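# Observations on chain architecture
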Amino acid sequence: QVQLVESGGGQVQTGGSLRLSCVASRRNFWNNAMGWFRQAPGQEREFVASISWNGGATSYGDSVKGRFTISRDNSKNALYLQMNSLKPEDAAVYYCAAGRRAISGSNAGDYTTWGRGTQVTVSA
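Here is a short report on the structure shown in this document. Within each chain, residues carry numbers counting from 1 in the order of the written sequence. In keeping with the predicted nature of the model, local features appear solely for residues at pLDDT of at least 70, side-chain atom pairs appear and are counted solely at 80 or more, and the whole-chain, interface and lining totals rest on all residues. The basis for the side-chain values is all heavy atoms of the structure; hydrogens and waters are excluded.

## Looking at the overall build of the chain
In terms of regular secondary structure, the chain is built from zero helices and 11 strands. Computed over its C-alpha atoms, the radius of gyration of the chain comes to 13 Å, within 12% of the 14 Å expected for a compact globule of 124 residues. Every one of the 124 residues in the chain was classed for burial, and the buried ones make up 44%. We call two residues in contact whenever any of their non-hydrogen atoms come within 4.5 Å of each other. Here the analysis covers contacts within the chain between residues at least 6 apart in sequence; of these, 57% occur between residues at least 24 apart. Of the roughly 6,300 Å² of accessible surface on the chain, a fraction of 45% belongs to carbon and sulfur atoms. Charged residues are defined here as Lys and Arg on the positive side and Asp and Glu on the negative side; His and the ends of the chain fall outside this count. The atom standing in for a charge is NZ when the residue is Lys, CZ when it is Arg, CG when it is Asp and CD when it is Glu. For the chain, the separation between the mean place of its 13 positive charges and that of its 8 negative charges on side chains is 8 Å. Labels follow the DSSP assignment, with helices taken as runs of H or I lasting at least four residues and strands as runs of E lasting at least two, numbered in each case from the N terminus. With C-alpha atoms as the basis for the radius of gyration, the globule rule is written as 2.2 Å multiplied by the number of residues raised to the power 0.38. Only protein chains enter the calculation, and the probe is 1.4 Å; a residue is then buried if its accessible area is under 20% of its type maximum, exposed if over 50%, and partly exposed in between. We get accessible surface area from the Shrake-Rupley algorithm with a probe of 1.4 Å; when it comes to residues, only the shown protein chains can shield them.

Here you go:
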């Protein structure tokens, strides 16, 4: 069974940075778009960022534009999310996901494989 495993979450102070990683096992996603979503308690899952199969196209949710950067390394079957200038409202469980196609956007339904998530906590 294909697995996506996130890591890099933790607790950070407001204004701090974290780098999340996601590694795929048992198959590669070189031809698939990848994305990051997040979900805070009591809230719906929110799109954070996506990246096309070759990294040539990226998109971001409005709340993270200019602060977060998505990237990938297909040679390592890995996806990353660099998060800077973190705010308390960024606190959530962050999930990585693999898309159906080479390019995917903000619709969670376009993603077929999901990790279990990593917790990000931001203290004021």
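## A few points about the pattern of salt bridges
A carboxyl oxygen of Asp or Glu within 4 Å of a side-chain nitrogen of Lys or Arg is what we treat as a salt bridge. Tallying each qualifying case throughout the model produces five salt bridges. Residue Asp90 is joined to Arg38 by a salt bridge in which the shortest nitrogen-to-oxygen separation is 2.9 Å. Highlighted residues: Asp90 in the loop between strand 8 (78-83) and strand 9 (92-99) and Arg38 in strand 4 (residues 34-39), separated in sequence by 52 residues. Neither Asp90 nor Arg38 differs from the other in exposure class; each is buried. The partner of Asp110 in a salt bridge is Arg101, and the shortest N-O contact between them spans 3.3 Å. Residue Arg101 is classed as partly exposed on the basis of its relative accessible area of 44%. Three or more residues joined by partner-sharing salt bridges are found here, namely Arg38, Glu46, Arg67 and Asp90.

## Examining empty space enclosed by the protein
A pocket, in this scheme, is an open set of points on a 1 Å grid over the protein atoms alone with protein on both sides within 12 Å along at least 5 of 7 lines, while a cavity is a set where a 1.4 Å probe fits but cannot get out; residues line either one if an atom lies within 4 Å of a point. Grid points are joined across faces, edges and corners, and a volume is the space filled by probe spheres set on the points. In this structure the tally under the stated criterion is one cavity of 30 Å³ or more. Size it by volume and the largest cavity reaches roughly 50 Å³. In terms of lining, the largest cavity is formed by Leu4, Ala24, Phe29, Met34, Arg72, Asn74, Asn77, Ala78 and Leu79. Residues are grouped as follows: nonpolar covers Ala, Val, Leu, Ile, Met, Phe, Trp, Tyr, Cys and Pro; charged covers Asp, Glu, Lys and Arg; every other residue, Gly included, is treated as polar. Tallied by class, the residues present in the lining of the largest cavity amount to six nonpolar, two polar and one charged.

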